[in-house]
Amino acid sequence: MDADKSSPATDRDAVPHPTVAEAVVDAMLDRGVDTVFGIPGKQTLPLNRALADRDARFVVARHETAVPHQAWGYAETSEPGEMAATCVVPGPGDTNAMNGLKNALNDCVPLLHLAVETERSVRGGDGIHETPPETYDTVVKENVLVDSPAAAVPAVVEAIRTAREHPQGPVRVGIPKDVLAGRTPQPAVGERDPSPPPSPPAEGVTEAADLLADAGAPVLLAGGGVRRSGASDALRSVAEGLDAPVVTTYKGKGTLPESHPLSAGVLCGGASAELRDLLADADVGLVVGSDLDAVATASWSVSMPETLIHVTLDGDDVGFGYETDLGVVADADRFLRALDEEFADERAPSRDRSGAERAESVRAADRERFAALSASTDGDGGVSGDDRDSRPLRSVEVLSAVRDAVPEEAVVTADAGGFRLWTLVSFPAAGPRSYVNPGSWATMGTGLPSAIGAKLANPDRDVVALTGDGGLMMCVHELHTLAAAGIDVTVVALNNDDYAIISEAASRSYEFSEGAYGWAETGLDLVAVASGMGLPAERVSERDAVGDAVERARGRDGPALVEVVTDPAEPQASEWMTGARPGE
């Protein structure tokens, strides 16, 4: 009877272990990472085979620069902690992806970057695409190289946890192709949740509450950390309890919906003189979830309130650019909730002007500036009528029409470039996961890729990518990704045939001719480009046509592009919004 039994060794041989790539994908899926953006290569094929066999979603991009920005847009518009993965070949693929990895690092956005490394047998021998793994140390939160075949799954599991742990960020895991293709048994990995972000010290919360309660004109400044920690509800509650206006940084835009009466605008290079005065004139300011970096504060030239409370996850931020009266190292959501409890039985003191009145004074001044720019023909603010109708559209006019044509609940992604500041100051964001724009890294070519990620994370929401011709041409290949994958994104491209923000500075400060870095003689036809990639597209140049064109594009079953001709000579937000109010 014993002779009829199969030996244990025979059973093990009959059922081979899964490949390491399969085990890695299983570990990702078990932890909620089911979407991967990338470009396949011979090195990545073991991983691609495993992704296909397990029905994980693999989105094929057309250039590696777009790949991390797609995962970045996915995470930016998802619930805190949700994330996607990226996968590229070594060397050129990995170095192309460094741009987006650095963007994610600066913005504290979680993603798992799987880099398929050169095979171990040729490493050090200048194999194809071989690059020293330490090349990537400075663009990710953590960079891990898998040397032992049995270490692949533990490395990926730990990378996912690290990426989600505050401050969040991208984690790179380099796994050699021969390891992925092998069948080395992987150890079972015990679960370890990300460490919770630091709770605020009770004495710090109490001191902050006392300072704010006694303030005559408090103001809140909210950064990207409010979004990352899911603290928007707590921010609104604190602001309403204090009756204090809320300013956000460029990364905090939308953390308080900009339709809220306490929303005063965005601190960025295009922030108006009136918004800057609001901050300077406040007696107590609470900065939460921001490092008060050089980009938001114009290299710390923006005056802050007389008394400053600064809440951040990194103690090195406290006192770096501004003297701080009270620094607190803590999670934004935990701090704001604790602060809200301190105010539970308190009422905001009676003041000469309410928080809503102070916020509205800034918004009203901004609207005056927008209206004057829309009415003017030369940027000096005064000529209207037929002369205005004969000039090209300006960014604020286009953005106003797009906002009216796009549902409030839509996700809007914005690229970098000259129009970005106009978008930050004039395009209202509806919520913390409804608006995406690059942070202090401010790289161009992010608007379209991030919209692709946002749509896959939010399949039931409209997604609109706002971009300029300069930014779009740095990722124009991803129009084909939209068409090939049938990703329903509406692209609105403002085309002035110029690197206008550069041309303006070159003319103003360095005596270059107007439009020095433009293409007036070789204008770009974005409709032809998009059509050639399989996207329906139309071009508009008249004010009344923008909204209808956007609505038609949104109504299509699939992606579409609207090209809007704009004025290359329009004033830049950094000049128009910070100078004297038109008419004064």
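Parameters and conventions
Residues numbered from 1 in each chain as written. Predicted model: local features only at pLDDT ≥ 70, side-chain atom pairs only at ≥ 80, totals over all residues. Heavy atoms only, no water. UniProt positions renumbered as here; feature names shortened; annotations may be inferred. Patch = residues over 30% accessible without salt bridge, like charges linked within 9 Å, V, L, I, M, F, W, Y side chains within 5 Å. Areas by Shrake-Rupley, 256 points an atom, 1.4 Å probe, with all protein chains shown as cover. Salt bridge = Lys/Arg side-chain N within 4 Å of Asp/Glu carboxyl O. Lys, Arg positive; Asp, Glu negative; His and termini not counted. Charge placed at Lys NZ, Arg CZ, Asp CG, Glu CD. Helix = DSSP H or I, 4+ residues; strand = E, 2+ residues; numbered from the N terminus. Domains from an automatic or database assignment. Contact = heavy atoms within 4.5 Å. Buried area = accessible area lost by both parts, 1.4 Å probe. Polar contact = N/O pair within 3.5 Å; in protein donor to acceptor, adjacent residues only side chain to side chain. Nonpolar A, V, L, I, M, F, W, Y, C, P; charged D, E, K, R; others polar. Buried < 20%, exposed > 50% of the residue type's maximum accessible area, 1.4 Å probe, protein only. Pairing = 2+ DSSP bridges. Phe/Tyr/Trp six-rings, centres within 6.5 Å; stacked < 30°, edge-to-face > 60°.

In the nomenclature of an unreviewed UniProt entry, the protein is known as Thiamine pyrophosphate-binding protein of Halorubrum distributum. You can read under Sequence similarities (unreviewed entry) in the UniProt record for the protein the words "Belongs to the TPP enzyme family."

Draft legend 1. Spatial organisation of a negative patch on the surface. Judged by side-chain charge, Glu203, Glu207, Asp210, Asp214, Glu306, Glu323, Asp325, Glu341 and Glu342 come together as a negatively charged surface patch. Elements with a minimum of two residues in the negative patch: helix H8 (202–213) and helix H12 (332–342). Of all the elements, H8 adds the most residues to the negative patch, at three residues. Considering the arrangement of structural elements, one finds Asp325 in the loop between strand E11 (307–312) and strand E12 (326–329).

Draft legend 2. Broad picture of the domain arrangement of the protein. You can read the domains of the protein as domain 1 (20–181), domain 2 (202–361) and domain 3 (387–577). Of note, the centres of domain 1 and domain 3, computed from C-alpha atoms alone, are 30 Å apart. Taken together, the 24 residues of domain 1 in the interface contact 26 residues of domain 3. Where domain 1 abuts domain 3, roughly 2,000 Å² becomes buried across the two surfaces, and 59% of that area is made up of carbon and sulfur atoms. Counting the contacts that link domain 1 with domain 3 gives one salt bridge. For Glu79, the salt bridge goes to Arg433, with nearest N and O atoms at 3.4 Å. Joining domain 1 to domain 3, the criterion identifies eleven residue pairs in polar contact (both at pLDDT 80 or more). Broken down by secondary-structure element, the contributors of at least two residues to the side of domain 1 that touches domain 3 are strand E2 (57–60), helix H4 (67–76) and helix H5 (92–107). Looking at the side of domain 1 that touches domain 3, the element that brings in the most residues is H4, giving six residues. Of the residues contributing to the side of domain 1 that touches domain 3, the split by class is eight nonpolar, ten polar and six charged.

Draft legend 3. A look at the side chain of Thr44. Position of Thr44 relative to the elements: it lies in the loop between strand E1 (35–38) and helix H3 (45–53). According to the relative accessible area criterion, Thr44 is buried, its value standing at 0%. A distance of 2.5 Å separates polar atoms of two side chains, one belonging to Thr44 and the other to Asn48. In contact with Thr44, other than residues within four places in its own chain, are Ile39, Cys87, Val88, Val89 and Val116.

Draft legend 4. View of the sheet that holds strand E17 (residues 537–540). Strand order in this open sheet of six strands is E14-E13-E15-E16-E18-E17, and the pairing throughout is parallel. Among the strands making up the open sheet, the edge pair consists of strand E14 (435–436) and E17. Across four bridges, E17 lies against strand E18 (residues 560–565) in parallel orientation. Following the sheet pairing, Val540 is matched in E18 by Val564.

Draft legend 5. Representation of the packing of aromatic side chains. One pass over the structure, following the stated rule, counts five aromatic pairs. Arranged with centres 5.6 Å apart and planes meeting at 65°, the rings of Trp300 and Phe320 form a pair that is edge-to-face. You can see Trp300 sitting in the loop between strand E10 (284–288) and E11 and its partner Phe320 sitting in the loop between E11 and E12, a full 20 residues away along the chain. Owing to a relative accessible area of 31%, Trp300 belongs among the partly exposed residues under this scheme. Centroid distance Phe512 to Tyr517: 5.7 Å. Interplanar angle 45°. Geometry classified as tilted.

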